[in-house]
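Residue-level structural notes
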Amino acid sequence: MIKKGLKVKVLIGKDKKKEGEVIEIDRLNNRAKVKEINMVKKHVKTTKEKKGGIISKESFIHLSNLKLIDEKAVKKTKVKK
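To keep things clear, this report deals only with the structure shown in the data block. Everything quoted here is computed from the prediction, not taken from an experiment.

Scanning the protein for helices and strands turns up zero helices and seven strands. Each helix (α) and strand (β) of the protein, taken in turn from the N terminus, gives the series β-β-β-β-β-β-β. Total accessible area on the protein stands at roughly 7,000 Å², and carbon and sulfur atoms take up 52% of it.

Rendered as structure tokens:
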């Protein structure tokens, strides 16, 4: 099960074979944000507090496109016959 803070590998998409840490999970839509993966550009309007411009931020990736690679979270079991 993929949880916040675990290390994952991207299986499909423009960031294929890249690894990163999960920073946010959306359980209702089965999506996750991974640090430095699936970066998109967003245009931000100038306000009194913030300067506007084009910023890059992470976007969500579907959980089926991620593979858990964190050794602590994966437990290997032997099947005896």
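Leaving glycine aside, a negative phi is the common case for residues, and trans is the common case for peptide bonds. One non-glycine residue with positive phi stands out, namely Lys-17, at about 70°. Mapping Lys-17 onto the fold places it in the loop between strand S1 (7-10) and strand S2 (19-26). According to the relative accessible area criterion, Lys-17 is exposed, its value standing at 62%. In the Ramachandran plot, Glu-36 falls in the positive-phi region, its phi being about 65° despite a non-glycine side chain. Among the secondary structure elements, Glu-36 is positioned in the loop between strand S3 (31-34) and strand S4 (39-44). With relative accessibility at 56%, the residue Glu-36 sits in the exposed group.

Another aspect to go through is the nonpolar core. Counting 12 residues, the largest nonpolar core consists of Ile-2, Leu-6, Val-8, Val-10, Val-22, Ala-32, Val-34, Ile-37, Ile-61, Leu-63, Leu-66 and Leu-68. Within the residue set of this core, elements represented by two or more residues are S1, S3 and strand S7 (66-68). Setting aside its immediate chain neighbours within four residues, Val-8 contacts Ile-2, Lys-18, Glu-19, Gly-20, Val-22, Val-34, Leu-66, Lys-67, Leu-68 and Ile-69.

A separate point is the pattern of salt bridges. What the rule picks out here adds up to two salt bridges. In this structure, Lys-18 and Asp-15 form a salt bridge, with 3.3 Å as the shortest nitrogen-oxygen distance. Notably, a salt bridge pairs Glu-24 with Lys-33, separated by 3.6 Å at the nearest N-O pair. The partly exposed category is assigned to Glu-24, whose relative accessible area is 36%. Overall, Lys-33 belongs to the buried group, its relative accessible area being 16%.

Rules behind the numbers
Residues numbered from 1 in each chain as written. Predicted model: local features only at pLDDT ≥ 70, side-chain atom pairs only at ≥ 80, totals over all residues. Heavy atoms only, no water. Helix = DSSP H or I, 4+ residues; strand = E, 2+ residues; numbered from the N terminus. Areas by Shrake-Rupley, 256 points an atom, 1.4 Å probe, with all protein chains shown as cover. Buried < 20%, exposed > 50% of the residue type's maximum accessible area, 1.4 Å probe, protein only. Core = buried A, V, L, I, M, F, W, Y, C linked by side-chain atoms within 4.5 Å. Contact = heavy atoms within 4.5 Å. Salt bridge = Lys/Arg side-chain N within 4 Å of Asp/Glu carboxyl O.

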